[in-house]
Amino acid sequence: MSDINDDPPGFALSCIHTTGELPMSEQTYLDALSRLKALGAHAGVSGDVIDLLRHPHALLTASLPVRMDDGSTRYFTGYRCRYNDILGPTKGGVRFHPNVNSGEVQALALWMTIKCAVVGIPFGGAKGGVTVDPKSLSRMELERLTRAYMRAMVDFIGPDTDIPAPDVYTNARIMGWMQDEYETIRRGKWPAVVTGKPIALGGSEGREEATGRGAFLCIEALRRQHQREAKDIRVAVQGFGNAGYNVARLLQHAGYRIVALSDSHGGIYSEAGFDIHSVWQDKQQSRELHGVYCDGSVCHSVEHEKITNEQLLALDVDLLIPAAMENVITDNNVISIRAPWIVEVANGPITSSAEATLERRGTLIVPDVLANAGGVLVSYFEWVQNRAGYPWTLEQVNTRLQERIENAFQAIWDRHIHEERSLRNAAYTIALLRIEEALVIHGSKGYFQEK
Ligand code: NAD
């Protein structure tokens, strides 16, 4: 067995085509790599596995010229990272957000690699993004940007190589534009090129709510392990978008009390609990005006007490669900976190050093690579349906999702209890063992040392 080497990690090793300098200081990716190294040491896999995963396979950085409605041209930067494909074609969302950079994309792609292995689907990990404030664009500008992204990535993406999906500020409509652009260039029908697309274009029943449903199933499994009643569990949800809304809705329906919600504008609090559907409807009211995004906020629900996002994170609730962005619980605010359970619906919401503090305090954290895996599971189901040309019913999708999530949860929980590992440690162990097995079986990797 070789040791994990201590060289600085590589950023974006094989750049197929790059138009700019790759920043070397993105903290999120460095943190993801150091967490991988620490958890890899506990997993008992060869150091070669960890070295391989410290080196993303390829990153494409592209300049995206977009004609604006006023006739001018603006240039945006787009990224796509195919991190590792040992288990299958790479899979991961595309994010439109002002903070997107190469480091964030690589961190998210690494987590996708681990996540697909945790839930045992035949995909590697990828991620993409565009550095843009999408709400500042008109609907037509947004469509032209989306098509420019696909044109730039068309040789990097494909149903057998790399399959995008929605992420922050991208949705089914945007996936539909991506598919259309790909099919126009390739002159054919390729529904399996993206997932999370509209049902009319080959999307899957149940995909829209899948991330929230997967998280809900994890929370239910956790509740059963602790033999608690749903009605006794008070919940705060940070990020009331696709994932946050759906998990909150399903939890409320099952009897949990959702006492706090927030979005990028701020938060609201009600000790009596919210009717999630009404808050969502209030927030959506302006959507018809803008077509793609709503300008509404949970803060527009006038009858509730207003709180900040920082106050929401610090609430004395039973369950805290960060469902917005990464790095929201850090060394700066970890001291204020009081919830005994945290379920990471967002990717990477807790830095590794803040996690160490929480663990010392006994906080139970259901990690992102399990808690939000419902999205990629139903994306996998969508890809299978597209390739078979045979759509499934909502009931088939939800039954198969439940079976996969509950099995993954149980396997992680068993290691957590019997091997006294954190849930994240147990999840990474399962993923890294699967990746190691695939590497060994590939057989032709002369440089790879078996244990
Ligand atoms: P979304 O765009 O639908 O919603 C994001 C929400 O977060 C919005 O309500 C936005 O207002 C809010 N937000 C943004 N910045 C915030 C801040 N600083 N504080 C509080 N709220 C803020 O995105 P989504 O698809 O729900 O994704 C949310 C998280 O879930 C991301 O981390 C994403 O990577 C993860 N995730 C999503 C999917 C999926 O299928 N959509 C799958 C797996 C993981």
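For clarity, every value in this text was computed on a predicted model and none was experimentally measured.

A. Structural context of the environment of Ala32. Mapped onto the elements of the fold, Ala32 is located in helix H1 (residues 27-43). In the structure, Ala32 is positioned 22 residues away from Arg54 in sequence and 9.4 Å away in space, judged by C-alpha atoms. When sequence neighbours within four positions are dropped, the list of residues in contact with Ala32 reads Ala107, Leu110 and Trp111.

B. Representation of the packing of helix H6 (residues 210-225) against helix H14 (residues 394-418). Across the interface, H6 lies against H14 with an axial gap of 10 Å and an inter-helix angle of 45°. For the element pair H6 / H14, the angle class is oblique. In this structure, H6 meets H14 at a crossing whose hand is right-handed. Where H6 abuts H14, its residues Ala210, Arg213, Gly214, Leu217, Cys218, Ala221, Leu222, Arg224 and Gln225 lie against Asn398, Leu401, Gln402, Ile405, Glu406, Phe409, Gln410 and Trp413. For the contact of H6 with H14, the class distribution of residues is 9 nonpolar, 5 polar and 3 charged.

C. How the structure looks around unusual backbone geometry. One non-glycine residue, Tyr169, lies in positive phi territory at about 60°. Its location among the elements puts Tyr169 in the loop between strand E6 (162-166) and helix H5 (172-186). Even without a glycine there, the phi angle at Arg187 is positive, about 55°. Position of Arg187 among the secondary structure elements: in the loop between H5 and H6.

D. Looking closely at the nonpolar core. Of all hydrophobic cores here, the largest spans 97 residues; its most connected members are Ile114, Leu261 and Ile321. A per-element tally of this core places helix H3 (residues 102-118) first, with 11 residues. Discounting chain neighbours no more than four positions away, the residues touching Ile114 are Leu36, Leu53, Val369, Tyr428, Ala431 and Leu432. By size, the runner-up hydrophobic cluster in this structure holds 28 residues, among which are Tyr149, Met153, Val154 and Trp177.

E. Main features of the site of the ligand. Around the ligand there are 23 residues in total, and Asp167, Tyr169, Thr211, Asn242 and Asn347 lie nearest to it. At 3.0 Å from an oxygen atom of the ligand is found a main-chain nitrogen or oxygen belonging to Ser264. In the environment of the ligand, an oxygen atom lies 2.8 Å from a nitrogen or oxygen atom belonging to the side chain of Asn347. Contact with the protein chains hides 88% of the accessible area of the ligand, taken as 830 Å² for the molecule alone.

F. Here's a closer look at the sheet that holds strand E13 (residues 364-366). Taking strand neighbours across the sheet as the criterion, the 7 strands line up as E10-E9-E8-E7-E11-E12-E13 in an open arrangement whose pairing is mixed. The open sheet has two free edges, formed respectively by strand E10 (305-307) and E13, since each of these has just one partner strand. Taking each pair of neighbouring strands and ignoring which way they run, the sheet shows an average axis angle of 20°. Bridging between strand E12 (residues 341-343) and E13 involves 3 bridges; their strand directions are parallel. Each bridged residue has a counterpart across the sheet, and for Ile342 the counterpart in E13 is Ile365. Sitting on the sheet, helix H7 (residues 242-253) touches strand E7 (234-238), strand E8 (257-263) and strand E11 (319-322), and the angle it makes with E8 is about 170°.

G. Region of interest: helix H11 (residues 352-361). The set of residues buried in H11 consists of Ala354, Glu355 and Leu358. End-on, the buried residues of H11 take up no more than an arc of 100°, which puts them together on one face. Packed against the buried residues of H11 are H1, E12, E13 and helix H15 (423-442). Of the residues trailing H11, Gly362 is marked for its positive phi of about 90°.

H. Region of the structure containing the pairing of E6. Counting buried residues in E6 gives 4 out of 5 residues, a clear majority hidden from the surface. Bridging between strand E4 (residues 90-97) and E6 involves 5 bridges; their strand directions are parallel. Each residue of the ladder has a partner; that of Gly93, found in E6, is Ala165.

I. Expanded view of the pairing of E4. Here E4 lies mainly inside the structure; 8 of its 8 residues are buried. Alignment of E4 against strand E5 (residues 124-131), held across 6 bridges, turns out to be parallel. Within E5, the position partnered with Phe96 by the bridge is Val130. Each parallel crossover has a hand, and the one from E4 via H3 to E5 is right-handed.

J. Structural context of the environment of Val100. Here Val100 shows up in the loop between E4 and H3. As a C-alpha pair, Val100 and Val132 span 32 residues in sequence and 7.8 Å in three-dimensional space. Once residues lying within four places of it in the same chain are set aside, the contact partners of Val100 are Tyr79, Arg95, Val105, Gly129, Val130 and Thr131.

Calculation rules
Residues numbered from 1 in each chain as written. Predicted model: local features only at pLDDT ≥ 70, side-chain atom pairs only at ≥ 80, totals over all residues. Heavy atoms only, no water. Helix = DSSP H or I, 4+ residues; strand = E, 2+ residues; numbered from the N terminus. Contact = heavy atoms within 4.5 Å. Axes fitted to C-alpha atoms, helices over the stretch in contact; angles between N-to-C directions. Parallel < 35°, antiparallel > 145°, perpendicular 65-115°, else oblique. Left-handed = near helix turned anticlockwise from the far one by under 90°. Nonpolar A, V, L, I, M, F, W, Y, C, P; charged D, E, K, R; others polar. Core = buried A, V, L, I, M, F, W, Y, C linked by side-chain atoms within 4.5 Å. Buried < 20%, exposed > 50% of the residue type's maximum accessible area, 1.4 Å probe, protein only. Near = heavy atom within 4 Å. Polar contact = N/O pair within 3.5 Å; in protein donor to acceptor, adjacent residues only side chain to side chain. Areas by Shrake-Rupley, 256 points an atom, 1.4 Å probe, with all protein chains shown as cover. Pairing = 2+ DSSP bridges. Arc of directions from axis to C-beta. Right-handed = clockwise from strand over helix to strand, strands pointing away.

Function cannot be inferred from these measures alone, as they are strictly geometric.
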